[in-house]
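As a plain string of letters, each chain reads:
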Amino acid sequence: MTSYGDDATVREILTGTGDTWAVVGLSTNTARAAHGVARVLQRYGKRVVPVHPKAETVLGEQGYASLAEIPFPVDVVDVFVNSALAGEVADQAVAVGAKAVWFQLGVVDEAAYERTRAAGLAMVMDRCPAIEIPRLG
């Protein structure tokens, strides 16, 4: 199995890249994985910005319909969308000046990974920050 994002990259994104995380696919549906992961990120001091077509307020944070609509800088874009849509989100993350992109477990797009890394962003793919962050100690 190929690893997309070594442990050093995981640590850097979680501890050094910045604390504003746009969570693409986060909605008010508490049964979805995005909701649980966003709660964990908040517990570890991250500001979670919901990005979803409905632009709902989630976990006390104003939502936006797209990355481009967020009126402040975003450090990390955490992607909870189908792999077929994830590459476009990664390209949008580059366009808005994010520092890193994180594709959740099961979200894999090798071409997007290469494009994002080539643009100078850190990237992790097919891993979960809610699993990785407690491991940092």
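Residues numbered from 1 in each chain as written. Predicted model: local features only at pLDDT ≥ 70, side-chain atom pairs only at ≥ 80, totals over all residues. Heavy atoms only, no water.

Looking now at the environment of Lys 46. Relative to the assigned elements, Lys 46 resides in the loop between helix H2 (33–43) and strand S2 (47–51). Residue Lys 46 is classed as buried on the basis of its relative accessible area, which comes to 8%. For the pair formed by Lys 46 and Asp 19, sequence separation is 27 residues and the distance between their alpha carbons is 4.7 Å. With residues near it in sequence (within four places) discarded, Lys 46 still touches Leu 14, Gly 18, Asp 19, Trp 21, Leu 41 and Ile 133. Engagement of the side chain of Lys 46 in a polar contact is seen with the backbone oxygen of Leu 14, the distance being 2.6 Å. Separated by 2.9 Å, the side chains of Lys 46 and Asp 19 make a polar contact. (Helix = DSSP H or I, 4+ residues; strand = E, 2+ residues; numbered from the N terminus. Buried < 20%, exposed > 50% of the residue type's maximum accessible area, 1.4 Å probe, protein only. Contact = heavy atoms within 4.5 Å. Polar contact = N/O pair within 3.5 Å; in protein donor to acceptor, adjacent residues only side chain to side chain.)

The biggest cluster of nonpolar side chains holds 25 residues, and the ones touching the most others in it are Leu 67, Ile 70, Val 77, Val 79, Val 101 and Phe 103. Looking at this core, the elements with two or more residues in it are strand S1 (20–24), S2, strand S3 (76–79), helix H3 (83–95), strand S4 (100–103) and helix H4 (110–118). For this core, the element with the highest residue contribution is H3, accounting for 4 residues. Counting 23 residues, the second largest nonpolar core, distinct from the first, contains Leu 26, Val 48, Ala 100 and Ala 130. (Core = buried A, V, L, I, M, F, W, Y, C linked by side-chain atoms within 4.5 Å.)

The analysis is restricted to geometry; functional conclusions fall outside its scope.
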